[in-house]
Amino acid sequence: MIRLGPAHADSLAEAALDHLAHAHLAVVAGSAKARTQFGSALLRRLEGFESCRSIRVAPSRDHRPEAVLMRLKHSLSRQAQVDPNDECELANERLTLGSEYSAIMQSIHRHLRSVDDCRWQVVLWPDAGLMAERWPEVFDQVIEVVQHAVGLREFQDEEPPTLHRWILLGSSALEERVERPLGPLRRSDGLPGLLLKLT
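What you see is a predicted model, and the numbers here were worked out from it, not measured in a lab. By convention here, each chain's residues receive numbers from 1 onward along its written sequence. Local features in this predicted model are restricted to residues of pLDDT 70 or higher, and side-chain atom pairs are both shown and tallied only at a pLDDT of 80 or more, whereas totals for entire chains, interfaces and linings draw on every residue. As a rule here, side-chain values cover all heavy atoms of the structure and leave hydrogens and water aside.

**Here's the deal with the pattern of salt bridges**
Here's step 1: Here a salt bridge means any side-chain nitrogen of Lys or Arg lying within 4 Å of a carboxyl oxygen belonging to Asp or Glu. Within the structure shown, the criterion is met by three salt bridges.
Here's step 2: We note a salt bridge from D62 to R64, for which the minimum N-O separation is 2.7 Å.
Here's step 3: Between E66 and R64 there is a salt bridge, and its shortest N-O distance comes to 3.4 Å.
Here's step 4: Salt bridges linked by common partners bring D62, R64 and E66 together as one network.

**Observations regarding the environment of E50**
Here's step 1: Following the sequence through the fold, E50 ends up in the loop between α2 (32-46) and β2 (52-56).
Here's step 2: On the basis of relative accessible area, E50 is assigned to the exposed category, the value being 74%. Helix numbering and strand numbering both begin at the N terminus, where a helix is a DSSP run of H or I of at least 4 residues and a strand a DSSP run of E of at least 2. Note on classification: 1.4 Å probe, protein chains only; a residue is buried when its accessible area is under 20% of the maximum for its type, exposed when over 50%, partly exposed between these limits.

**Quick look at the confidence of the model for the protein chain**
Predicted coordinates in regions of low pLDDT should not be interpreted in detail.
Here's step 1: In the predicted model, the protein chain carries a mean pLDDT of 75, and 72% of its residues have values of at least 70.
Here's step 2: Think of pLDDT as the predictor's per-residue confidence, scored from 0 to 100. At the level of individual helices and strands, the protein chain shows its lowest average pLDDT in strand β5 (residues 193-197), which scores 61, and its highest in helix α3 (residues 65-77), which scores 91.
Here's step 3: When checking whether two residues touch, look at their non-hydrogen atoms; a contact exists if any pair is within 4.5 Å. pLDDT under 50 marks residues 90-96. Its contacts with residues more than four places away, or in other chains, come to 16 contacts.

**A short note on the nonpolar core**
Here's step 1: Grouped together as the largest cluster of nonpolar side chains are 31 residues, with contacts concentrated most on L72, W125, F139, W166 and L168.
Here's step 2: Elements that contribute at least two residues to this core include exactly β1 (25-29), α3, α4 (99-114), β3 (120-125), α5 (128-134), α6 (136-154) and β4 (163-170).
Here's step 3: A per-element tally of this core places α6 first, with eight residues.
Here's step 4: What L168 contacts, discounting residues up to four positions off in sequence, is L25, A26, V27, V28, W125, A128, F139, I143 and L174.
Here's step 5: Formed by 17 residues, the second largest nonpolar core is a distinct cluster that contains L20, A41, C52 and L169. The definition of a nonpolar core used throughout is a set of buried Ala, Val, Leu, Ile, Met, Phe, Trp, Tyr and Cys residues joined through side-chain atoms within 4.5 Å.

**Quick notes on α2**
Here's step 1: The end-to-end C-alpha separation of α2 is 21 Å, in line with the 21 Å expected for 15 residues at 1.5 Å each.
Here's step 2: Within α2, the full set of buried residues consists of A34, R35, F38, G39, A41, L42, L43, R45 and L46. Helix span, expected: 1.5 Å multiplied by one less than the number of residues in the helix.

**Things to note about the state of the cysteines**
Here's step 1: Criterion for a disulfide: a pair of cysteine sulfur atoms within 2.5 Å. Scanning the entire structure with this criterion turns up zero disulfides.
Here's step 2: C52 takes part in no disulfide bond, and the closest cysteine sulfur to it belongs to C118, at a distance of 7.2 Å.
Here's step 3: Classification of C52 as buried rests on a relative accessible area of 17%.
Here's step 4: C118 gets classed as buried once you look at its relative accessible area, which sits at 9%.

**Digging into the pairing of β1**
Here's step 1: With five of five residues buried, β1 is to be regarded as a mostly interior element.
Here's step 2: Going residue by residue along β1, you find L25, V27 and A29 tucked away on one face and A26 and V28 tucked away on the opposite face as well.
Here's step 3: Any two strands are treated as partners once DSSP identifies two or more bridges connecting them. Alignment of β1 against β4, held across five bridges, turns out to be parallel. Bridged to A26 within β4 is I167.

**Quick notes on the packing of aromatic side chains**
Here's step 1: When two rings of Phe, Tyr or Trp (its six-membered ring) have centres within 6.5 Å they constitute a pair, described as stacked for plane angles under 30 degrees, edge-to-face for angles over 60, and tilted for the intermediate range. Applying the stated rule across the entire model yields one aromatic pair.
Here's step 2: Between W125 and W166 the ring centres are 6.4 Å apart and the planes differ by 90°, which places this aromatic pair in the edge-to-face class. Taken as a pair, W125 in strand β3 and W166 in strand β4 lie far apart in primary sequence, 41 residues in all. The exposure classification of W125 matches that of W166, with both residues buried.

Following this line, the structure appears as structure tokens:
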């Protein structure tokens, strides 16, 4: 993980763009105001990139884990056309939280696999910190699904692959989880990560 800051949101967003070329997963920790300013500044810059789709997942007012996941699924589904015949089984993945979670995770995985009309897809997920703090096991499941889909898309011989970049916004709890990783964030074959510390 790389730590940048303190810096103004705009200048930090400029610096982050260079690092996002190499990091699939960026964790942005700091105050709620700083995170919001940074996210807005980053998305403004991404909108000018050719063949780049940026998705900002709206924070859920319903803080149940399934509601947070449904917002994530909904935001991804608006950007991709999923083939109903595409099973995209995750038979080897650890989906043990119950059928409702598994169904949502499968859908998220399918949406990530089906993106093929842009070179970059950048997902800004404001509820990542909430999920990591209150339901870390669900957070780990999301990261596993993202890693699995990215591995299938980016590290195969498909040309050209869609490059996925995830920007997770959260407080110090999310930062601590990244600095002292458990689960999929600890695996050596995980996604290259970037930690941005806002002040």
